[in-house]
Amino acid sequence: MPFFLTKQSLIWCFTGRIPSFLKGSLLRLGPGLFEIGDEPFYHLFDGQALMHKFDFKNGQVTYHRKFIKTDAYVRAITEKRVVITEFGTFAYPDPCKNIFSRFFSYFKGVEVTDNCLVNVYPIGEDFYAVTETNFITKVNTDTLETLKKVDMCNYVNINGVTAHPHIERDGTVYNIGNCMGKGATLAYNIVKIPPTQKDKSDPIEKSKVVVQFPSAERFKPSYVHSFGMSDNYFVFVETPVKINLLKFLSAWSIRGSNYMDCFESNEAQGVRTRSRIVLLILRAPIGMFHHINTYEDQGFIVVDLCAWKGIEFVYNYLWLANLRANWDEVKKAAMMAPQPEVRRYVIPLDIHKEEQGKNLVSLPYTTATAVMHADGMIWLEPEVLFSGPPFEFPQINYKRFGGKNYSYAYGLGLNHFIPDRICKLNVKTKETWVWQEPDSYPSEPLFVQTPDGVDEDDGVLLTIVVAPGSQRPGYLLILNAKDLSEIARAEVECSMPVTFHGMYKP
Ligand SMILES: [Fe+2]
């Protein structure tokens, strides 16, 4: 079912009081156009990028949204058909071409999408809407106008970068993606983009690769959605969900292929975690998308993440044919989906061969273990910090505690893929808090710290709540990060599609 959108919608009612320290903008990305002409998009990640913005000023809030004018969007609107292949939707050649030019179109290559529907983050003084390909799109966050498409391949050796970079306090951006490494072997590159330049030049022009390491399988890099970063280390989890390069290349010439066709799960291989020093193997394979936080403590790296048990690629649950069904049917079908849990892995930094067979983790506050086997490999067992309700789309007080020893994580309760609650977790005590209302489906909760805040959780959470299956409009919800009590909500005068990720711009 299409969402009918107006160019701009104002808030039509709100309850509670908007905290006076909120003087910026909540920016979020998600899919907004689910069919074009008579052609549907098939996967939730194919809908065309729609940017949402809630502006806070003088205790008031206004809401705006605009489609990002990507090549994928503009050409689809112009030609009234899917022109660029998306994650789960193949773009067929123009039917108006004669049979010979259509034939050769199959072999000409498929264009990589710039449909930046996943996240938005700053680079220098600019803001970019992003997906997971090599294209990022510069946007004006005041007007939501699209400014420029940037191809990261012009600056670094990379096939694509994640939508979850790490950003240091000075504005330095780190990101990861796969690339063609030495000897025509797939590898991973970590890319560094410096902060704002004194000469006002574009920091992207000074992007460089700071680390490269090979893929476990020569032609099958793992799908990578995020990574961990502490003060001194990057942590990369190489999961069993692989991109089959041969299938990927054939998608360039075989009719009907899309990105989803190129994924496969490798049960035989566990999960490799790489730090600067050692190769570690988790004992059981997991699916993994979002790191929560990574920090160093007493000679160990603590890695908290949201884990999906098993090797199933959970994006298979997000085909739009399923999501377009009656909402009650959607919820019933979703009960088949796996459940994520919060896990803590601990990586020892000081390793001695004579300690083979012993648990190398001596941190007093965790049951996570690391045991070296005879072949020198170190196998990790996690401590489960939270196994119910399900916890995904994690956020923390990133500005103060990103890469640091921390206490609180906030997440979206993704109950068999139905986002039906907001959760808070004390990762030290395992105490939890929940916000939940009937027929209310929130998004990733973004933490905004109170300006004079002392405690780690002095602040608010911002989330957008949608209500599929009912006539109720969507609304912005502001929660007290201490106890998830409601501070204010602001309803918009139209329905809202889901959003994936975003940021608060002060
Ligand atoms: Fe994500």
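All figures in this text were calculated on a predicted structure; none of them were measured in a lab. In this convention, every chain numbers its residues from 1, walking through the sequence in written order. Only residues with pLDDT of 70 or above have their local features reported here, since the model is predicted, and side-chain atom pairs are shown and tallied only from 80 upward, although totals for entire chains, interfaces and linings are computed over all residues.

Could you give an account of the nonpolar core, with specific residues and numbers?
Core analysis: the largest hydrophobic core is formed by 124 residues, its most contacted members being Ala-49, Met-51, Cys-116, Val-120, Ala-129, Leu-461 and Leu-476. Take this core: its biggest share by element is eight residues, from strand β22 (residues 300-309). If sequence neighbours within four positions are ignored, Leu-461 has contacts with Tyr-410, Ile-422, Pro-445, Leu-446, Phe-447, Leu-479 and Ala-481. Residues enter a nonpolar core if they are buried, belong to Ala, Val, Leu, Ile, Met, Phe, Trp, Tyr or Cys, and are joined to the set through C-beta atoms within 7 Å. Using C-beta atoms placed from the backbone, we call a residue buried if 20 or more other C-beta atoms fall within 10 Å of its own, exposed if 12 or fewer do, and partly exposed for counts in between. Runs of E in the DSSP output that reach at least two residues are strands. Runs of H or I that reach at least four are helices, and both are numbered from the N terminus. Two residues qualify as a contact pair if the distance between their C-beta atoms, derived from the backbone, is within 7 Å.

Tell me about helix α1 (residues 71-79), residues and numbers included.
Along α1, the positions that sit buried rather than exposed are Ala-72, Tyr-73 and Ala-76. The buried side chains of α1 occupy one side of the element, clustering within an arc of 95 degrees when seen end-on. Where α1 is buried, its residues meet β3 (35-36), β5 (48-57) and β6 (60-67). With its phi angle positive at about 55 degrees, Lys-80 sits one or two positions after the end of α1. The directions from the helix axis to the C-beta atoms are what the arc is built from.

Help me get a handle on the confidence of the model for the protein, residues and values and all.
Do not read the predicted coordinates in detail wherever pLDDT is low. In predicted models, pLDDT denotes the confidence assigned by the predictor to each residue on a 0 to 100 scale. Averaged over every residue, the pLDDT of the protein is 85; residues scoring 70 or more account for 80%. Under a pLDDT of 50 for its full length, residues 1-8 has, in the predicted model, eleven contacts with residues more than four places off or in other chains. Under a pLDDT of 50 for its full length, residues 97-108 has, in the predicted model, eight contacts with residues more than four places off or in other chains.

Residue-level account of the pairing of strand β25 (residues 378-381), with values.
Alternating residues of β25 divide into Ile-378 and Leu-380, all buried, and Trp-379 and Glu-381, none buried. If DSSP finds at least two bridges between two strands, the strands pair. Bridging between strand β24 (residues 369-372) and β25 involves four bridges; their strand directions are antiparallel. Each bridged residue has a counterpart across the sheet, and for Thr-369 the counterpart in β25 is Glu-381. The turn joining β24 and β25, which pair antiparallel and follow one another in sequence, is formed by five residues; a positive phi near 90 degrees is taken by Gly-376.

Provide a residue-level description of the sheet that holds strand β21 (residues 286-297), including the pertinent values.
Paired through their backbone hydrogen bonds, the strands of a sheet run either parallel or antiparallel. Ordered in space as β21-β22-β23-β26, the four strands form an open sheet in which the pairing is antiparallel. The open sheet has two edge strands, β21 and β26 (383-386), and neither has a second partner. Here the average twist between neighbouring strands, direction ignored, is 30 degrees. When β22 meets strand β23 (residues 340-348), the two strands line up antiparallel, connected through nine bridges. Note on β23: the bridge partner recorded for Trp-308 is Pro-340. As a rule, the C-alpha atoms of each element are fitted with a line to give its axis, helices using only the stretch in contact, and angles between N-to-C directions run from 0 to 180 degrees.

Before we move on, can you summarise the UniProt feature "binding site: Fe cation" (unreviewed entry) in the protein with the specific residues and values?
UniProt positions are given in the numbering used here, feature names are shortened, and annotations may be inferred rather than shown by experiment. In the UniProt entry, the feature "binding site: Fe cation" (unreviewed entry) is given for His-164, His-225, His-290 and His-501. These residues run over 338 residues, yet every pair of their C-alpha atoms falls within 12.6 Å of each other. Tracing the backbone through its elements, the reader meets His-164 in the loop between β10 (146-151) and β11 (166-167). Apart from residues no more than four positions distant in its own chain, His-164 is found in contact with Asn-119, His-225 and Ser-226. Structurally, the position occupied by His-290 is in strand β21. Not counting residues up to four positions away in its chain, the partners in contact with His-290 are His-225, Ser-226, Leu-305, Cys-306, Glu-392, Phe-393 and Pro-394.

I'd like to hear about the environment of Val-130, residue by residue, with values.
Relative to the assigned elements, Val-130 resides in strand β8 (residues 126-130). When the 28 C-beta atoms within 10 Å are taken as the criterion, Val-130 is described as buried. Here the alpha-carbon distance between Val-130 and Val-161, two residues 31 residues apart in the chain, equals 9.1 Å. Apart from residues no more than four positions distant in its own chain, Val-130 is found in contact with Cys-116, Val-118, Asn-119, Val-120, Ile-136 and Ala-163.

Go over unusual backbone geometry, please, and point to the residues and values.
Even without glycine at this site, Lys-200 takes up a positive phi of about 65 degrees. Position of Lys-200 among the secondary structure elements: in the loop between β13 (186-193) and β14 (208-214). Phi at Leu-484 is positive, roughly 65 degrees, even though this residue is not glycine. Along the chain, Leu-484 turns up in the loop between β33 (475-480) and β34 (486-492).

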